[in-house]
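Overview (structure and organization)
So the chains spell out like this:
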Number of protein chains: 2
Amino acid sequence: MAAPEKKNGRERMLDRRKKIREAIRQAAIDEFAQKGLAGASTQSIAQRAGLTKPQLHYYISSKEELYEEVLVHINELWRDIFIASSGDSKDPAKVIRDYVRNKLEFGRRHPNASRVFSNEVAAGGHYLQKHWHSAREATRAAAEIIQSWVDKKLIKPVDPWLFQMHIWAVTQHYADYEAQIRFMLQLKDGEEIDMDHVVDEVSTLFLRACGLK
Amino acid sequence: MAAPEKKNGRERMLDRRKKIREAIRQAAIDEFAQKGLAGASTQSIAQRAGLTKPQLHYYISSKEELYEEVLVHINELWRDIFIASSGDSKDPAKVIRDYVRNKLEFGRRHPNASRVFSNEVAAGGHYLQKHWHSAREATRAAAEIIQSWVDKKLIKPVDPWLFQMHIWAVTQHYADYEAQIRFMLQLKDGEEIDMDHVVDEVSTLFLRACGLK
DNA sequence: AAGCAATCTGAGCAATCGGTCAAACTGTTT
DNA sequence: AAACAGTTTGACCGATTGCTCAGATTGCTT
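Rules used in this analysis
- Residues numbered from 1 in each chain as written.
- Chains lettered and ligands numbered in written order.
- Predicted model: local features only at pLDDT ≥ 70, side-chain atom pairs only at ≥ 80, totals over all residues.
- Heavy atoms only, no water.
- Helix = DSSP H or I, 4+ residues; strand = E, 2+ residues; numbered from the N terminus.
- Least-squares fit on C-alpha atoms with pLDDT ≥ 70 in both.
- Near = heavy atom within 4 Å.
- Polar contact = N/O pair within 3.5 Å; in protein donor to acceptor, adjacent residues only side chain to side chain.
- Nonpolar A, V, L, I, M, F, W, Y, C, P; charged D, E, K, R; others polar.
- Domains from an automatic or database assignment.
- Contact = heavy atoms within 4.5 Å.
- Buried area = accessible area lost by both parts, 1.4 Å probe.
- Salt bridge = Lys/Arg side-chain N within 4 Å of Asp/Glu carboxyl O.

Moving on to unusual backbone geometry. Here the phi dihedral of Lys153 of chain A falls at roughly 60 degrees; this positive angle occurs in a residue that is not glycine. Tracing the backbone shows Lys153 of chain A in the loop between α7 (132-151) and α8 (160-176).

Okay, here's the thing in structure tokens:
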């Protein structure tokens, strides 16, 4: 008899609660991604999560708070994919390539989360302000690394802050504006974007931009 | 007595109507930019335009139709700033630099219009589908020009479609995510983004990316 | 079987939503 | 001054918004 299988009532209850909260978060992400904070309805979120409206309100205290919780959750997911987190900072080309790939991959795996985040930032980021400092810290650390590359003449001179935001902009674009890309490339309904080609092209863009290719 | 000053009643009426419609469009752009289609309220649009709600509904037939009209209007504004429209297609560096500057300038002048457009594209662009063909045509024409540069070995090989979308992504980013940029660069409330520096940095990014710098 | 906390439910709250309508009010033309 | 199209108004429609609450129901512990 394995220990983790022996769950008493309390544990099962907490387990269930956790699953429901998870479902609510996912439902909220989908709804917020499509309608925005103002346009989202708790009714619709409840439906997506397979709950009734009063049931949903039993688990959350308000729409705004749910929105904030979702943003914090997405922000945490994000933290792992910053330039600074790419292991060996002595090989600029590898770091940039990895970062681009990771960010594109992330957007592909969490398109709605990506959209919620973008919309919030575009709207002014008021609900995020308390949590932005960690993002800025990561960006600052990466800026230092990039600057050190410039100083050592490993790469051509670039503005280390803007350089990062340009990578952010391009990679984010593939997550948030899939519709535009699909239309421009005239992809049929079943067809998928050739992500290997995209990773190639985007990597090349930024590698050339700092003289590495 | 100059002719255009001699306006009869009918002309004055049409004039007035035009101004009100213009005010409504601007109000709608601001509201849609902040709340999205679902979140925008006709009440609020009316208020922004200095009208009462029934008064607004006298001029528009529905919220959705107003939204569509706004999108078409923005789409028309946009048409002028496509790569293909930059005069001399024989000097790639000049064309790219001009395009980047124009697009950044446009975003700076019409930030809310820019945001409405972006949000709509991110949401799937369903309300735009009838009008996208013109954008795709312009992009296709530009893609041909870029490809011809590659063929003549004026620039390093790039995917002409993705290359354009990358420029779109970066320039759009400055219009739509001003909050992020302001926070990252730690700008105080009064401070303005140094757009000359941005134009420089973005131009350099794409010029280097095709071996022109 | 009784007790208990956690959960679920239907009914309903005030407020707002998009939109309508008849009646009053404009300013201009006869 | 009468007639007129164009415009504005307040009252109002049914539907939906975020959210609450008392009471019924559930599943676990004693």
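That shown, we press on.
Screw-axis analysis of chain B against chain A gives a translation of 0.0 Å along the axis, an RMSD of 0.1 Å, and a rotation angle of 180 degrees. The superposition operator between the copies reduces to a two-fold rotation axis. Among all C-alpha atoms of chain B, that of Gly39 of chain B lies closest to the rotation axis, at 1.9 Å.

What surrounds DNA strand D is a group of 19 residues, the closest being Ala40, Ser41, Lys53 and Lys63 of chain A together with Arg16 of chain B. Looking at DNA strand D alone, sugar and phosphate atoms form 62% of those within 4 Å of the protein. Lys53 of chain A has a polar side-chain atom sitting 2.7 Å from a base nitrogen of DNA strand D. Within the contact set of DNA strand D, a phosphate oxygen lies 3.1 Å away from a side-chain nitrogen or oxygen of Tyr58 of chain B. Breaking the surface near DNA strand D down by element, the ones donating at least two residues are α1 (9-39), α2 (42-48) and α3 (53-59) of chain A together with α1 (9-39) and α3 (53-59) of chain B. Residue contributions to the surface near DNA strand D peak at four residues, all from α3 of chain B. Across the surface near DNA strand D, the residue classes tally to six nonpolar, eight polar and five charged.

Further remarks concern the domain arrangement of chain A. All names here are of chain A. Domain assignment breaks chain A into domain 1 (3-60) and domain 2 (74-209). Between domain 1 and domain 2, the contact holds five residues from the first and seven residues from the second. Both sides of the domain 1 and domain 2 interface together cover about 450 Å² of buried area, and 70% of this is carbon and sulfur. In terms of surface lost to domain 2, no three residues of domain 1 exceed Ile29, Ala33 and Leu37, which account for 74% of the buried area on that side. Linking domain 1 with domain 2 are zero salt bridges. Applying the counting rule to domain 1 against domain 2 returns one residue pair in polar contact (both at pLDDT 80 or more). For the side of domain 1 that touches domain 2, the residue count by class is four nonpolar, no polar and one charged.

Turning to the interface of chain B and chain A, a few remarks are in order. Taken together, the contact pairs 46 residues of chain B with 46 residues of chain A. Here chain B meets chain A over a buried area of about 4400 Å², counting both sides, of which 69% is carbon and sulfur. If you sort the residues of chain B by the area they bury against chain A, Tyr177, Met184 and Arg208 of chain B come out on top, with a joint share of 16%. Here chain B and chain A share zero salt bridges between them. Applying the counting criterion to the chain B and chain A interface returns 15 residue pairs in polar contact (both at pLDDT 80 or more). Elements that contribute at least two residues to the side of chain B that touches chain A include exactly α1, α6 (111-122), α7 (132-151), α8 (160-176), α9 (178-184) and α10 (195-209) of chain B.

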